[in-house]
Every structure is written in C-alpha cells, then in structure tokens.
Amino acid sequence: IDLPDTRRSPEEELAGSQLREVVGREIRRIPPLLRQVVQLTHLDELPIPQAADRLGISVPALKSRLLRARRELRSRLERHVDSRGPASLPAAS
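Structure report, in brief. Keep in mind that what you see is a predicted model, and the values were worked out from it rather than measured.

Parameters and conventions
- Residues numbered from 1 in each chain as written.
- Predicted model: local features only at pLDDT ≥ 70, side-chain atom pairs only at ≥ 80, totals over all residues.
- Heavy atoms only, no water.
- Helix = DSSP H or I, 4+ residues; strand = E, 2+ residues; numbered from the N terminus.
- Buried < 20%, exposed > 50% of the residue type's maximum accessible area, 1.4 Å probe, protein only.
- Contact = heavy atoms within 4.5 Å.
- Areas by Shrake-Rupley, 256 points an atom, 1.4 Å probe, with all protein chains shown as cover.
- Axes fitted to C-alpha atoms, helices over the stretch in contact; angles between N-to-C directions.
- Parallel < 35°, antiparallel > 145°, perpendicular 65-115°, else oblique.
- Left-handed = near helix turned anticlockwise from the far one by under 90°.
- Nonpolar A, V, L, I, M, F, W, Y, C, P; charged D, E, K, R; others polar.
- Core = buried A, V, L, I, M, F, W, Y, C linked by side-chain atoms within 4.5 Å.

This next bit is on the overall build of the protein chain. The helix and strand inventory of the protein chain stands at 4 helices and 0 strands. Listing each helix as α and each strand as β along the protein chain from the N terminus yields α-α-α-α. Relative to its full complement of 93 residues, the protein chain shows a buried share of 31%. Counted over contacts in the protein chain with a minimum sequence separation of 6, partners at least 24 positions apart contribute 51%. Surface summary for the protein chain: the accessible area is close to 6700 Å², and the carbon and sulfur share equals 52%.

Before going further, it helps to examine the packing of helix α2 (residues 32-43) against helix α3 (residues 48-55). At a minimum axis distance of 9 Å, the contact between α2 and α3 shows a crossing angle of 140 degrees. By the angle class used here, α2 and α3 are oblique. Handedness of the crossing formed by α2 with α3: right-handed. Together, Q36, V37, L40 and T41 of α2 and I48, A51, R54 and L55 of α3 make up the contact between the two elements. Looking at side-chain class alone, the contact of α2 with α3 contains 5 nonpolar, 2 polar and 1 charged residues.

Okay, unusual backbone geometry next. Backbone phi values are negative for most residues with the exception of glycine, while trans is the configuration of most peptide bonds. In the Ramachandran plot, E45 falls in the positive-phi region, its phi being about 55 degrees despite a non-glycine side chain. In this fold, E45 is placed in the loop between α2 and α3.

Take the nonpolar core next. Residues I30, V37, V38, A51, L62 and A69 are the most contacted members of the largest nonpolar core, which totals 16 residues. Only α1 (10-29), α2, α3 and α4 (59-78) provide two or more residues apiece to this core. Considering each element in turn, this core owes the most residues, 5 residues, to α4. Beyond its immediate sequence surroundings of up to four residues, L62 is in contact with V37, T41, I48, A51, A52, L55 and I57.

For the pair α2 and α4, the least separation of the axes is 8 Å and the interaxial angle reads 100 degrees. By the criterion of interaxial angle, the relationship of α2 to α4 is roughly perpendicular. Note on element contacts: α4 touches α2 through L62, R65, L66, R68, A69, R70 and E72, opposite L33, L34, V37, V38, T41 and H42. When grouped by side-chain class, the residues that make up the contact of α2 with α4 number 7 nonpolar, 2 polar and 4 charged.

As structure tokens, then:
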C-alpha cells in the first residue's frame, strides 16, 4: 500500500516560516497591555482563568483585552493581505 506523502514541500515550509515571522512581528507591535494576553493565552496556552490570575485581573477584563488584542492583530495583518487573501501574507514584508 502506497501512503501519500504528508510532508510539506520546501515552498510550503518557506511560506509557513514567513507567515510566522509576519504574525510574530505584528504581535510584538501591538500595545503591551494587549500583547500580554495574546502571549499568555495563545502562545503559552494558559487557560483564561490562569492568565487572568497571572495578570492580576478578572476573567471578564482578560476576555475584553483578548478581544481588543485580536481585533488589533487582525487589523495589522490585513495590511499584509492583497486580493489573493491570506495566501499573500507570506510574501508580504
């Protein structure tokens, strides 16, 4: 039985690397108050109650900041997208 090759092509690897670079750069550019919640919840993968506790804020306050952070990050990433949509992100600089 021949199994399909599930490895990513060199082009896919490069695109993924470039996409991670763009997203990482834009995360670093959002205001620190918002960046902290992204770091804790998405990058460190802490549950929301733990992230709120670590920041010394309530769960509703953390959720509010997270919503604002996602909106800010979405807005920043949209600047890198052209008519091809998200496929154009890796080529953006």
